[in-house]
Amino acid sequence: MSCTSPTSCVTVSSDSTTSPIPTPVYNPTTQQCVNVVQSVHYVVVHAGSNGIQSVTAQALLANMASPTWQQSWSVEFRTATDSANPYERSGNPGYVAGEPLVAGIMKAISVNVKGRLEPRQFVELLADRWNRLTIPRANADNSCSGDRSPVTFGDDVVSDCVLSVDSSTAGDMCPYLQSKVVSTLLGAYQPSHVATLGNTSPYQAGDWVPIVKQTTPDGSQTTTQKGACSNFALSVAVPLVSRRRAQARRFECPSAPRCSSSTGRRPRRRSSPIRRR
């Protein structure tokens, strides 16, 4: 639900004693109904087994000239820890094919528990979910651009680009060139963990898996050939391993006496030989 202006949306919280939504009125000059509720979006914040903490309704108002119009309603559930930093999921619960992987940086925080600060971990996420775990993108001339492509679930992608450098200084600047290549391959934002599911909470640290990175080569200069760099990384691979959940199937017997009680399968019929007289 989007608001075209600050006055077109009205928010009503569960602790409100009066409704701030204005009463719709008819304007004979414009022949329109003013302040008609076009859509309502409910946000329910809960604490799991501790119950619902708050409910907020956001109403989108519009002026209608037609005698009939379409209204819509939507409901969004958030946990108490997620309500302060909501983010768009990539599935519920598993990942949806084509959606970006949920990746972020694991950080440590202190939480006040009954007057005592206890250490906790949470995953900090970028607001732009399409720019978290990415790979390089090439320009029309195949040169490396500043734009990057997101890693999406279920999509196998191969990307390459050309990074231009001054070859006359490559022999003296091998470590510098290696850092330039690595920064181009990995990007400015380098997440540390990936969510196991598309709707994993950033505050459930156990539901995030670390991104295993190999040691980056130093790109040292070789002594056998001038202007050449050895131990140099030129590519990066992002292999992802996922698992499908098996679904158990139950066999329903149309006739109980004809089914085996131990396996639930139909017993095989034995054909008897036909005797001719």
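Presented here is an overview of the structure given in this document. The structure displayed is predicted, hence computed values, not measured ones.

Notes on the state of the cysteines
Thinking step 1. Using the criterion set out here, one finds one disulfide in the structure.
Thinking step 2. Here Cys144 pairs with Cys161 through a disulfide, and the sulfurs are 2.1 Å apart. Judged by the sign of its S-S torsion, about 85°, the cystine formed by Cys144 and Cys161 is right-handed. Here Cys144, found in strand β9 (residues 144–150), pairs with Cys161, found in the loop between β9 and α1 (174–186); they are 17 residues apart in sequence, far enough to count as distant.
Thinking step 3. On the basis of relative accessibility, which here comes to 25%, the residue Cys161 falls in the partly exposed class.

A word on the pattern of salt bridges
Thinking step 1. As enumerated under the stated definition, the model contains three salt bridges in all.
Thinking step 2. Residue Arg129 pairs with Glu88 through a salt bridge whose shortest N-O separation is 3.4 Å. Of this pair, Arg129 sits in the loop between β7 (116–124) and β8 (134–138) while Glu88 is found in the loop between β5 (72–79) and β6 (103–113), placing the two residues 41 residues apart along the sequence.
Thinking step 3. With relative accessibility at 10%, the residue Arg129 sits in the buried group.
Thinking step 4. With relative accessibility at 52%, the residue Glu88 sits in the exposed group.
Thinking step 5. Measuring nitrogen to oxygen at the nearest pair gives 2.8 Å for the salt bridge that ties Glu124 to Lys107. Highlighted residues: Glu124 in strand β7 and Lys107 in strand β6, separated in sequence by 17 residues.
Thinking step 6. Look at Glu124 and you get partly exposed, because its relative accessible area is 35%.
Thinking step 7. Here Lys107 falls in the partly exposed class, since its relative accessible area comes to 35%.

How each quantity is defined
Residues numbered from 1 in each chain as written. Predicted model: local features only at pLDDT ≥ 70, side-chain atom pairs only at ≥ 80, totals over all residues. Heavy atoms only, no water. Disulfide = S-S within 2.5 Å. Helix = DSSP H or I, 4+ residues; strand = E, 2+ residues; numbered from the N terminus. Buried < 20%, exposed > 50% of the residue type's maximum accessible area, 1.4 Å probe, protein only. Salt bridge = Lys/Arg side-chain N within 4 Å of Asp/Glu carboxyl O.

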